[in-house]
Amino acid sequence: MWKSLAKFVLKNRMLLLILLIISTGVMGYFASKIKLSYEFARAIPTDNPKYKDYQDFKAIFGDDGNTMVIGIVQKELFTLKNFEAYRKLNADLKRVRAVEDVVSVPGAINLQKDSVGERLQAVRIFRDSLSTQIELDSAAAVFFNLPFYNGLMYNATSNAYLMAVRINREILNSKERSGVIHNITTLTDEYAKNNNVSVHLSGLPLIRTVVSDRIEGEMKIFLIGSLLISVLILLIFFRSISTTLLSMAVVIIGVVWSVGLMQLMGYKISLLTALIPSLVVVIGIPNCIYFINKYHTSYLQSGNKDQSLIDMVSKMGVVTLFCNITAAIGFAVFALTRSAILKEFGAVAGISIMLIFVVSFILLPAVLSLLPVPKERQLKYLHSKWVHALLARLEHWVFNYRKQIIAVTTLLVLVSVAGIFRLQTLARIVDDLPKEDIIYKDLKFFENNFKGVMPLEIVVDTKKRRGLSGMRALTVYGKVDSLAQFIALQPNMNRPLTVAEGLKFAKQGFYEGDSVNYALPNTFDGAFVGEYLRPKKEGRPDNNFTKMLRSFVDTASQRTRLSVNMADVGTQQLPLILDTIQKRASQLFDSSYKVTLTGTSITFLEGSHFIINGLKESIFWAFLLIAVCMLYLFRSFRILICSLIPNLVPLVITAGVMGWAGVPLKPSTVLIFSVALGIAVDITIRFLVNYKQVLPANNNDVAASVQQTIRQTGLSIIYTSLVLIAGFVIFCASSFGGTFALGWLTSLTLVVATVTNLVLLPTLLVALNTGKNKKI
């Protein structure tokens, strides 16, 4: 069959090349239309209860992740010059396109009692006409007498001040957000320079934008880097510009097809799918090496170009097909998870790997048939002294130190298993940013001064329309305030912003601004409170304070929210905190109420659990499917066992290294195991296929066949492993911790896999058949 396919490709090479060029042009057109994803990773299935809760919250109260915060530490802020500069920054930010509102000290309001209208008037504390230090000092005294702002807008202990910038949600989900964030940072940089003040920026809009922009930049760098590394290795390997360019053509076409496929499937470039072009390069180059190596080996033996090409396709076609199938399985199993972002990555990566096989199968024999026969210098690598010396050493170990090899392997596995017990599951929202990154440092600034900026929302549903109207609302808000005070006592959570806090503010204003009266209204104040809980009357416009209250109660006056800013505590600590809050809420609110915890922090936690659990399942399915492929290919349970052990050992050792090194299990690191398994099995397949091919020629002598296989496949396995390792090592240059971990941990797994497949695998084949010259 494969000889027939080889002859078909060679006979119809021009037609196939034309079709390949045309189809690549079409895919290139679609690839040019690809867009960057500006949404946070969609890790949770749409039918998940947590996802539905979050969508319901956004439908009622709006988005919780569209606020960017700006922080400074300035002891002398309330000097006239410094304050005017700060107020100018506030005004400049309001003029930035897509900025909907800016909340800061210069815009702070006070509530003043209007006895005639029996209303509280919202009055700005800092008037635009402030012209003397005395006026500013007087206004500052009023501001600091209002407990409402303490901890939310300033930290009295550290002299830190916070400015919140709300950005249009639609803009944040488009490519225009980079320009908006740039305009904001330009203004803050200018303010910092002119006033010699350190400005700290954070919030989900900034973090998401920085991550997306870096993805776009790193995608180009890694793609170019992987191509350059591949060119260098191929030139060293084949010493032929034409062969190197041919290999590059294979992977470049594969990259174009993968990006075009992404567009055709309706996907955008995300943190995961951005890795696919580089992975196509890393996986496509070994295809080229194995095909061309076989062509050169056959030509060296026969001297017949056409026959060598037929041998190349017929002998390596089935091997490369199954190698690509197993590699594709390692990625495609992600499509079996319920996480949208993993489904996209798995589907595109799996199909792309199979497409690179098709490209290799058509392009390599077709173009090689048109090129001159290989020259002597291009075949010198087949006699590489250092490689043959290394293979001779490995062969010596296999036949003379079998017990020692098995003992060392067992010891490494035991040490690794001990490390696995040290593994922890931990992920944070900014986990992939290095600790020296300015985004990470600024986030820590807000955690130290304002206990964090990550949003957590708590919705209290009275289950009754108008359940938050009139005097009965006082009881509900009393419970809300008790819950808020409990949350404020948590070390990683700021004081929640609630209607109860607003009512305390209102009561203080009702009693002429006396801070002693910053408390919830009681039954004596009931009529006053009721006025602010009823829907506004026609002809009576809302003031800013009333608008704030309305944003925390739904239009039916049935639900109210507690809005909390908290630290990025991670997936280990967050469930404990949430459980504590839920228990306290259950104590305060009986079954006639429904209390829901939601927000970005909740969806991140749920998404992390889904990704990690999904990836664990994908490892199982990858292992199972690859085992089925191996069993179908070799039709022997003994060979199946011999093939799986050398691929399990690298995974166990890598997991152990992670445990001993303190690298936690998180979405980016769990990904490594399925990827590495799919790629590492390639080496096993190539070794065992060659072993099965030479076994009959050696009268089913296992030892002789193993020896011959090490010599015949060892060189291409070593060079291919170098390409794979170098291709993944380049990810270590990433500024994202997850991509960095993918680089060095996958490289480690492949190094160990190369050793186990060239040492442990032949050792097992020989050891299981000592004294037996029979086929297994």
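Quick summary incoming for the structure in this document. (Residues numbered from 1 in each chain as written. Predicted model: local features only at pLDDT ≥ 70, side-chain atom pairs only at ≥ 80, totals over all residues. Heavy atoms only, no water.)

**Thoughts on the overall build of the protein chain**
Alright, step 1. Each helix and strand counted, the protein chain has 25 helices and 10 strands in total.
Alright, step 2. Projected onto the principal axes, the alpha-carbon positions of the protein chain cover approximately 110 × 50 × 45 Å.
Alright, step 3. Expressed as a percentage of its 776 residues, the buried residues of the protein chain come to 58%.
Alright, step 4. Counting only carbon and sulfur atoms, one obtains 59% of the accessible surface of the protein chain, whose full area is about 32,700 Å². (Helix = DSSP H or I, 4+ residues; strand = E, 2+ residues; numbered from the N terminus. Buried < 20%, exposed > 50% of the residue type's maximum accessible area, 1.4 Å probe, protein only. Areas by Shrake-Rupley, 256 points an atom, 1.4 Å probe, with all protein chains shown as cover.)

**Brief notes about a nonpolar patch on the surface**
Alright, step 1. Nonpolar side chains collect at one region of the surface, where Leu336, Phe620, Trp621, Leu624, Leu625 and Val628 lie side by side and expose about 570 Å² of accessible area between them.
Alright, step 2. Assessed through its relative accessible area of 34%, leucine 625 is described here as partly exposed. (Patch = residues over 30% accessible without salt bridge, like charges linked within 9 Å, V, L, I, M, F, W, Y side chains within 5 Å. Salt bridge = Lys/Arg side-chain N within 4 Å of Asp/Glu carboxyl O.)

**A short note on the pairing of strand S8 (residues 454–461)**
Alright, step 1. Most of S8 is tucked away: 8 of the 8 residues are buried.
Alright, step 2. Of the two faces of S8, both are covered, the one formed by Met454, Leu456, Ile458 and Val460 as well as the one formed by Pro455, Glu457, Val459 and Asp461.
Alright, step 3. The pairing of S8 with strand S9 (residues 559–566) spans 8 bridges and is antiparallel. Each residue of the ladder has a partner; that of valine 460, found in S9, is threonine 560. (Pairing = 2+ DSSP bridges.)

**Section: the state of the cysteines**
Alright, step 1. Summed over all chains, the structure comprises 0 disulfides.
Alright, step 2. Left without a disulfide partner, cysteine 629 is nearest to the cysteine sulfur of cysteine 323, which lies 11 Å away.
Alright, step 3. A disulfide-free cysteine, cysteine 642 has its sulfur positioned 18 Å from the sulfur of cysteine 323, the nearest such atom. (Disulfide = S-S within 2.5 Å.)

**Considerations on the environment of leucine 503**
Alright, step 1. Note that leucine 503 resides in helix H17 (residues 499–510).
Alright, step 2. For the pair leucine 503 and tyrosine 518, spaced 15 residues apart in sequence, the C-alpha separation works out to 8.7 Å.

**Side note on the pairing of strand S1 (residues 67–73)**
Alright, step 1. Buried residues dominate S1, accounting for 5 of its 7 residues.
Alright, step 2. In this structure, S1 lies alongside strand S6 (residues 160–167), joined through 7 bridges in antiparallel fashion. Considered in S6, the bridge of isoleucine 70 is made with methionine 163.
Alright, step 3. Examined bridge by bridge, S1 and strand S7 (residues 199–202) share 4 bridges and lie antiparallel to one another.

**Structural notes on the sheet that holds S8**
Within a sheet, each strand pairs with its neighbour through backbone hydrogen bonds, oriented either parallel or antiparallel.
Alright, step 1. With antiparallel pairing, the 3 strands of this open sheet are ordered in space as S9-S8-S10. Looking along the sheet, the strands with just one partner apiece sit at the ends: S9 and strand S10 (594–598). Taken pair by pair, the neighbouring strands of this sheet meet at an average axis angle of 15 degrees, ignoring direction.
Alright, step 2. Note: S8 against S10, 5 bridges, orientation antiparallel. In the strand pairing of S10, valine 459 is matched with threonine 596.
Alright, step 3. Against the sheet, helix H16 (residues 472–488) makes contact with S8 and S9, and its axis sits at roughly 10 degrees relative to S9, the strand it touches most. (Axes fitted to C-alpha atoms, helices over the stretch in contact; angles between N-to-C directions. Contact = heavy atoms within 4.5 Å.)

**A short note on the pattern of salt bridges**
Alright, step 1. Summed over the entire model, instances satisfying the criterion amount to 18 salt bridges.
Alright, step 2. Where aspartate 128 meets arginine 87, a salt bridge forms, and the shortest distance between an N and an O atom there is 4.0 Å. Here the residue aspartate 128 occupies a position in the loop between strand S4 (119–124) and helix H5 (133–144), and arginine 87 occupies one in helix H4 (residues 80–94), the gap between them amounting to 41 residues.
Alright, step 3. Given the relative accessible area of 57%, aspartate 128 is considered exposed.
Alright, step 4. Its relative accessible area of 9% is what places arginine 87 among the buried residues.
Alright, step 5. We note a salt bridge from arginine 97 to glutamate 176, for which the minimum N-O separation is 2.7 Å. Highlighted residues: arginine 97 in the loop between H4 and strand S2 (99–103) and glutamate 176 in the loop between helix H6 (169–172) and helix H7 (177–195), separated in sequence by 79 residues.
Alright, step 6. A relative accessible area of 53% places arginine 97 in the exposed class.

**Let's talk about the packing of helix H10 (residues 276–302) against helix H12 (residues 340–370)**
Alright, step 1. Where H10 contacts H12, the two axes come as close as 9 Å, and the packing angle between them is 30 degrees. Taken together, the axis directions place H10 and H12 in an arrangement best described as roughly parallel. When the axes of H10 and H12 are compared, the crossing they make is right-handed. Residues Ile276, Leu279, Val280, Ile283, Gly284, Asn287, Cys288, Phe291, Ile292 and Tyr295 of H10 form the contact with H12, whose participating residues are Phe345, Val348, Ala349, Ser352, Ile353, Ile356, Phe357, Ser360, Phe361, Leu364 and Leu368.
Alright, step 2. Among the residues making up the contact of H10 with H12, the classes are represented as 17 nonpolar, 4 polar and no charged. (Parallel < 35°, antiparallel > 145°, perpendicular 65-115°, else oblique. Left-handed = near helix turned anticlockwise from the far one by under 90°. Nonpolar A, V, L, I, M, F, W, Y, C, P; charged D, E, K, R; others polar.)

**What to know about the packing of helix H21 (residues 600–634) against helix H22 (residues 637–661)**
Alright, step 1. Viewed as axis vectors pointing N to C, H21 and H22 meet at an angle of 140 degrees, and their least axial separation amounts to 9 Å. Our classification of the angle between H21 and H22 gives oblique. Considering only the axes of H21 and H22, their crossing is right-handed. Between H21, through Phe623, Ala627, Met630, Leu631 and Phe634, and H22, the contact on the second element is made entirely by Phe637, Ile639, Leu640, Ser643, Leu644 and Leu648.
Alright, step 2. Of the residues contributing to the contact of H21 with H22, the split by class is 10 nonpolar, 1 polar and no charged.

**With respect to unusual backbone geometry**
Alright, step 1. The backbone phi angle of lysine 451 is positive, close to 65 degrees, even though this residue is not glycine.
Alright, step 2. Structurally, lysine 451 is set in the loop between helix H15 (438–450) and S8.
Alright, step 3. One non-glycine residue, serine 557, adopts positive backbone phi at about 50 degrees.
Alright, step 4. Structurally, the position occupied by serine 557 is in the loop between helix H19 (544–550) and S9.
Alright, step 5. Judged by relative accessible area, which is 4%, serine 557 ranks as buried.

**Details of the side chain of threonine 654**
Alright, step 1. Along the chain, threonine 654 turns up in helix H22.
Alright, step 2. For threonine 654, a relative accessible area of 0% puts it in the buried group.
Alright, step 3. Apart from residues lying up to four places away in sequence, threonine 654 is in contact with Phe673, Leu745, Leu748 and Thr749.

**A short note on the nonpolar core**
Alright, step 1. Counting 259 residues, the largest nonpolar core has Phe78, Phe126, Phe143, Tyr149 and Ile184 as the members making the most contacts within it.
Alright, step 2. Broken down by element, this core gets its largest block of residues, 17 residues, from H12.
Alright, step 3. The contacts of tyrosine 149, once residues within four sequence positions are left out, are Ala108, Ile109, Ile125, Phe143, Tyr154, Arg495 and Phe505. (Core = buried A, V, L, I, M, F, W, Y, C linked by side-chain atoms within 4.5 Å.)

**Observations concerning the packing of aromatic side chains**
Alright, step 1. The tally for this structure, following the rule as stated, stands at 29 aromatic pairs.
Alright, step 2. A centroid spacing of 5.4 Å and a plane angle of 70 degrees characterise the contact between phenylalanine 143 and phenylalanine 144, whose relative ring orientation is edge-to-face.
Alright, step 3. The class of phenylalanine 143 is buried, set by a relative accessible area of 0%.
Alright, step 4. Here the aromatic cluster, defined as three or more aromatic residues joined through ring pairs, consists of Phe78, Phe83, Phe126, Phe143, Phe144, Phe148, Tyr149, Tyr154, Tyr161 and Phe505.
Alright, step 5. Lying across the ring of phenylalanine 552, arginine 561 places its NZ or CZ 4.7 Å from the centre.
Alright, step 6. Between the NZ or CZ atom of arginine 686 and the centre of the ring of tyrosine 290, over which it lies, the distance is 3.4 Å. (Phe/Tyr/Trp six-rings, centres within 6.5 Å; stacked < 30°, edge-to-face > 60°. Lys NZ or Arg CZ within 6 Å of the ring centre and 35° of its normal.)

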